[in-house]
Amino acid sequence: MCLAVPAKIMERTEYMATVEISGVTRQVSIMLLPDAVVGDYVLVHAGFAIQAIDEEEARRTLELFKELEQYEADS
């Protein structure tokens, strides 16, 4: 199963961006999304921003991840 995680672009250079994922920052390639700007939300998979998404979609997806973590913790 492949999983892409929503992230917010905090800084960017020509081909790389610093993104924030649930309070953690990391560097990802934005070569596939050349029009992405600081403040945009993107889906990150294997170190690449692969798709732009809106803030609401990012929020909903992150909430679902939190629910899954809680479910796992309760099991």
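Residues numbered from 1 in each chain as written. Predicted model: local features only at pLDDT ≥ 70, side-chain atom pairs only at ≥ 80, totals over all residues. Heavy atoms only, no water.

### Regarding the overall build of the protein
Stage number 1. Tallying secondary structure elements over the protein gives 1 helix and 5 strands in all.
Stage number 2. Sequence-ordered secondary structure for the protein, helices as α and strands as β, is β-β-β-β-β-α.
Stage number 3. For the C-alpha atoms alone, the extent of the protein along its principal axes is close to 45 × 25 × 20 Å.
Stage number 4. The proportion of buried residues among the 75 residues of the protein is 27%.
Stage number 5. Relative to all contacts within the protein whose residues are 6 or more apart in sequence, the contacts with residues 24 or more apart total 36%.
Stage number 6. When the accessible area of the protein is evaluated, it comes to approximately 5400 Å², of which 56% is carbon and sulfur surface.
Stage number 7. For the protein, the separation between the mean place of its 6 positive charges and that of its 14 negative charges on side chains is 2 Å. (Helix = DSSP H or I, 4+ residues; strand = E, 2+ residues; numbered from the N terminus. Buried < 20%, exposed > 50% of the residue type's maximum accessible area, 1.4 Å probe, protein only. Contact = heavy atoms within 4.5 Å. Areas by Shrake-Rupley, 256 points an atom, 1.4 Å probe, with all protein chains shown as cover. Lys, Arg positive; Asp, Glu negative; His and termini not counted. Charge placed at Lys NZ, Arg CZ, Asp CG, Glu CD.)

### Points about helix 1 (residues 55-74)
Stage number 1. Taking 1.5 Å per residue, 20 residues should reach 28 Å; helix 1 reaches 29 Å between its end C-alpha atoms and fits that length.
Stage number 2. With a side-chain oxygen lying 3.2 Å from the backbone nitrogen of Glu56, the N-terminal cap of helix 1 falls on Asp54. (Expected span 1.5 Å × (residues − 1). Polar contact = N/O pair within 3.5 Å; in protein donor to acceptor, adjacent residues only side chain to side chain.)

### Points about the nonpolar core
Stage number 1. Ala7, Ile9, Ala17, Val19, Ile21, Val28, Ile30, Leu33, Ala36, Val42, Val44 and Ala49 form the largest nonpolar core, which has 12 residues in total.
Stage number 2. Within the residue set of this core, elements represented by two or more residues are strand 1 (5-12), strand 2 (16-21) and strand 4 (41-45).
Stage number 3. By residue number, the principal contributor to this core is strand 2, which donates 3 residues.
Stage number 4. Leave out the neighbours within four places in its chain, and Val28 touches Tyr15, Met16, Ala17, Val19, Val44 and Gly47. (Core = buried A, V, L, I, M, F, W, Y, C linked by side-chain atoms within 4.5 Å.)

### Examining unusual backbone geometry
Stage number 1. Positive phi, close to 50°, is recorded for Ser22, a residue that is not glycine.
Stage number 2. Positionally, Ser22 belongs in the loop between strand 2 and strand 3 (24-29).
Stage number 3. You can call Ser22 exposed: its relative accessible area is 53%.
Stage number 4. Unlike most non-glycine residues, Ala46 shows phi in positive territory, near 55°.
Stage number 5. Residue placement: Ala46 occurs in the loop between strand 4 and strand 5 (48-53).

Read these as geometric descriptors, not functional statements.
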